[in-house]
Amino acid sequence: MRSTLAYYAAQMRVAFADSMQYRAAIALQLLGKFGEPIVYLVVWSTVARQSGGEVAGFTADTFAGYFIVWTLVRQMTVAWSPYWMETRIRKGEYSPLLLRPVHPFHFDTANLMAGKWVELFTLVPTMAVLVLVFRPSVQLQVWCVLAFVPALLMGFFLRHVWMYSMSLTAFWTTRVTALFQMFFTVEFFLSGRIAPISLLPEWGQQWARSLPFVWMFGFPLELLLGRFSPAEALAGFAHQLGWLAFGGIVFVVVWRAAIRRYSAVGG
Amino acid sequence: MSPPSESTSAVHVDGLTKVYRVPEREPGLRAALRSLVRRKMKEVRAVDDIRFDIAPGEVIGFLGPNGAGKTTTLKMLSGLLYPTAGVVTVLGHVPSRREREFLRRITLVMGQRNQLAWDIPAGDSFELNRVIYEIEPGQFRDTVAVMVELLELGDLLRKPVRNLSLGERMKVEICASLLHRPPVLFLDEPTLGLDVTAQRRIREFLAEYNQRYGSTILLTSHYMADVQALCRRVIVIHHGKILYDGDLAGLVARFSTHKKIVLKLEAGEVDLTAYGEVVERGPGMAVLLVPKQETSRATARLLSEINVIDLTVEDPPIEQVIEEVFAQKAGP
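All of the points below concern the structure found in this document. (Residues numbered from 1 in each chain as written. Chains lettered and ligands numbered in written order. Predicted model: local features only at pLDDT ≥ 70, side-chain atom pairs only at ≥ 80, totals over all residues.)

### Some details on the overall build of chain B
A count of helical and extended segments in chain B gives eleven helices and 13 strands. Buried residues in chain B amount to 39% of all 332 residues. Sequence-distant contacts, at least 24 apart, represent 71% of the contacts inside chain B between residues at least 6 apart. (Helix = DSSP H or I, 4+ residues; strand = E, 2+ residues; numbered from the N terminus. Buried ≥ 20, exposed ≤ 12 C-beta atoms within 10 Å, placed from the backbone. Contact = placed C-beta atoms within 7 Å.)

This is the structure we're talking about:
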């Protein structure tokens, strides 16, 4: 355990230093990503105003709070990409990682986590600008802020483990894009990304709560905004843990098969 | 030189086989459509029932043309590939299990494959390897100091990797692969694409590393100079089968079909074509290639029939012998 933590610290230092070489590019990419939440924010604020000032408990100001926190949660839960795995396998870049006495999953996780620290340099000031422009109505409670940190971390790991497991299918077919398009489509509607889950019809909300996507994204987001009671928050953590454990099992099974496959056909 | 037994071997290989199943189809649209319904697979025996043992501290040259099965064998020895059949142990470990302890005790250097972060100085990646392989800080400092001296790395470790030349990067790459002082090294074309000076530097380094740490090295290279400088024993593989396993001198004796006769001559033109194939001619000198069994007769004739100042009989260059071995495609 100690050696794994030491590895994470060292790998993150290297990845952080490496990412800093591209800080201008990262800043530009991030700025590009702000278009999406601003569109949602403007649309839903307009809908709220035209519906007598409120939709499903959200006013124009609380929508502003939702979509500003959205930018933070979205960026912090960006996880392992199938496109990277495809490239890695096609170019035979997996072998050097398999020769290290450390699981490649740790390598990728540490790199992703280091990247998030670099992104925070641009993310936080940009969020501050959005706050000044859209004047959100958010009453932050201490316990919600404290609970948000582990919920966000779990959200990241949950998304990372599931996406990593799916990207391993690239060992069988080097075109995993179709599978991911399906994942992203369902996630788009049922995670809280296009709108808060409470805006969905009742059956849609039930579907969302019984799938992993909302626990990756909407749960930490709404937790910070103080939209859950402590009991609901605990239930949310239980869901996150359950899906993480399930995802972990799927990952181990798929990894073993994938590595056997890789070893059979060559790297 | 008696071969090491299984119990004393650093590397033990017995009946090792790797068969790949690869899709096969004719060119053209019709064949493409047909392959959608019924995919035709072909079996390729990349490595076919090979066996050898390597004693601790030995440096072995693993030779063969492209596609002979060298890299597949190295990948099986380092745990990247599961064998289809046969037994492999490296330092008592079964490589395909990829145990941490095993991975800590080997290294595989494959051509230009990069394990260093591209945009930061190599020294930072070295520090990461220190943590990965749990190297004591004292030993780490000593090893880096030794490597910097042997590989003449100078201040290369402080430059971003992307700013290094190919030769510099390869030296740094090899250094990074050896920081944990692995007792077994698998080197796949470590000098590929490098200039003569960089090749020589890496050869000298490997010889010194082997002497200093008693490491076992299995090396593939297309450059015979690498093999001649480092390896007393060579294993020649072709079409997945071992053609020869023994010392380098024995390889020449066994497979060379010709001898080289180097002549120093008195001034004047002499026609030498009747004695053998003239491969080089200069003022007062000539080099002839003659079939091995005719060497004595040709030498006697040359000495008696023309004015020779000096005559030496040599084996042809090892590259030529190797080419002949591959051309013969025969079993041992």
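### Overview of the overall build of chain A
From N to C terminus, chain A includes 13 helices and zero strands. In sequence order, the secondary structure elements of chain A are arranged as α-α-α-α-α-α-α-α-α-α-α-α-α. In terms of C-alpha radius of gyration, chain A reaches 20 Å, essentially the compact-globule figure of 18 Å for 267 residues. Overall, chain A is about 65 × 40 × 35 Å in size when its C-alpha atoms are taken along their principal axes. (Rg over C-alpha atoms; globule rule 2.2 N^0.38 Å.)

### Some points on the environment of Glu208(B)
Residues and elements named next belong to chain B. Along the polypeptide, Glu208 turns up in helix H7 (residues 196-213). According to the C-beta neighbour criterion, Glu208 is partly exposed, with 14 such atoms within 10 Å. Sequence separation between Glu208 and Gly282 is 74 residues; the distance between their C-alpha atoms is 39 Å.

### So, the packing of helix H2 (residues 23-33) of chain A against helix H7 (residues 104-134) of chain A
All names here are of chain A. For the pair H2 and H7, the least separation of the axes is 9 Å and the interaxial angle reads 45°. By the criterion of interaxial angle, the relationship of H2 to H7 is oblique. The way H2 lies across H7 gives a crossing that is right-handed. Here Arg23, Ile26, Ala27, Leu30 and Leu31 of H2 lie close against H7, whose contacting residues are Val118, Glu119, Thr122, Leu123 and Thr126. (Axes fitted to C-alpha atoms, helices over the stretch in contact; angles between N-to-C directions. Parallel < 35°, antiparallel > 145°, perpendicular 65-115°, else oblique. Left-handed = near helix turned anticlockwise from the far one by under 90°.)

### Some details on unusual backbone geometry
With the exception of glycine, the majority of residues adopt a negative phi angle, and the majority of peptide bonds are in the trans configuration. One non-glycine residue, Ala56(A), adopts positive backbone phi at about 50°. Its place among the elements puts Ala56(A) in the loop between helix H3 (35-50) and helix H4 (60-76). Despite not being glycine, Asp49(B) has its phi angle at roughly 55°, a positive value. Examined against the element boundaries, Asp49(B) turns out to sit in strand E2 (residues 41-54).

### Examining the nonpolar core
Ile60(B), Leu218(B), Leu219(B) and Val236(B) are the most contacted members of the largest nonpolar core, which has 81 residues in total. Core analysis: the second largest hydrophobic core is formed by 54 residues, Met76(A), Met154(A), Leu190(A) and Val214(A) among them. (Core = buried A, V, L, I, M, F, W, Y, C linked by C-beta atoms within 7 Å.)

### Here's the deal with the pairing of strand E11 (residues 277-282) of chain B
All names here are of chain B. For E11, a buried count of zero out of six residues is recorded, marking the element as mostly open to its surroundings. Examined bridge by bridge, E11 and strand E12 (residues 285-291) share five bridges and lie antiparallel to one another. Note on E12: the bridge partner recorded for Glu280 is Val287. Count of turn residues in the E11/E12 antiparallel hairpin: two residues, of which Gly284 carries a positive phi of about 75°. (Pairing = 2+ DSSP bridges.)

### Observations regarding the interface of chain B and chain A
The interface of chain B with chain A comprises 25 residues on the first partner and 22 residues on the second. Within the residue set of the side of chain B that touches chain A, elements represented by two or more residues are helix H3 (100-104), strand E5 (106-110) and helix H4 (122-132) of chain B. The element best represented in the side of chain B that touches chain A is H4(B), accounting for six residues. Of the residues that constitute the side of chain B that touches chain A, the class distribution is 13 nonpolar, four polar and eight charged. (Nonpolar A, V, L, I, M, F, W, Y, C, P; charged D, E, K, R; others polar.)

### Topic: H7(B)
Residue and element names in this part refer to chain B. Taking 1.5 Å per residue, 18 residues should reach 26 Å; H7 reaches 26 Å between its end C-alpha atoms and fits that length. Considered for burial, the residues of H7 that qualify are Gln199, Ile202, Arg203, Phe205, Leu206 and Tyr209. In an axial view of H7, the angular spread of the buried residues amounts to 165°, which keeps them on one side of the axis. Set apart from the buried face of H7 by more than 90 degrees, the exposed residues are Val196, Thr197, Gln211 and Arg212. On its buried side, H7 packs onto helix H5 (137-150), helix H6 (166-177), strand E7 (216-220) and helix H8 (224-230). Gly214 lies just past H7 and shows a positive phi near 60°. (Expected span 1.5 Å × (residues − 1). Arc of directions from axis to C-beta.)

### Remarks on the packing of helix H1 (residues 2-20) of chain A against H7(A)
Residue and element names in this part refer to chain A. Where H1 contacts H7, the two axes come as close as 8 Å, and the packing angle between them is 50°. Relative to H7, H1 is oriented oblique. You can see that H1 and H7 cross each other, and the crossing is right-handed. Here H1 contributes Thr4, Tyr7, Tyr8, Gln11, Met12, Ala15, Phe16, Ser19 and Met20 to the contact with H7, which in turn contributes His106, Phe107, Ala110, Asn111, Met113, Ala114, Gly115, Trp117 and Val118. Its residues placed into classes, the contact of H1 with H7 shows twelve nonpolar, six polar and no charged.

### Section: the sheet that holds E7(B)
All names here are of chain B. Strands sit in the order E5-E6-E7-E3-E8-E9 across an open sheet of six strands; the sheet is mixed. Each of the sheet's edge strands pairs with one partner strand only, and the pair in question is E5 and strand E9 (241-247). Within the sheet, the average angular offset between the axes of one strand and its neighbour, ignoring direction, is 15°. Of the pairings in the sheet, the one linking strand E3 (residues 59-63) to E7 comprises four bridges and is parallel in character. Bridge pairing in E7 places Phe62 opposite Thr220.

### Notes on the environment of Phe180(A)
Residues and elements named next belong to chain A. Here Phe180 lies in helix H9 (residues 177-190). Between the alpha carbons of Phe180 and Pro82 there is a distance of 7.4 Å; along the sequence they are 98 residues apart. Not counting residues within four places of it along the chain, the set of residues in contact with Phe180 comprises Pro82 and Met166.

### Let's talk about the sheet that holds E2(B)
All names here are of chain B. Within the open sheet, the three strands sit side by side as E2-E1-E4. Their pairing is antiparallel. Bordering the open sheet on either side are E2 and strand E4 (85-90), each of which pairs with just one other strand. Neighbour-to-neighbour, the strand axes of the sheet open up by a mean angle of 30°, direction not taken into account. Pairing of strand E1 (residues 11-23) with E2 involves ten bridges; the strand directions are antiparallel. Paired with Tyr20 across the strands is Val44, a residue of E2. The strands that helix H2 (residues 70-77) touches are E1, E2 and E4; relative to E1, the one it contacts most, it runs at about 115°.

This is a description of form; function is not addressed.
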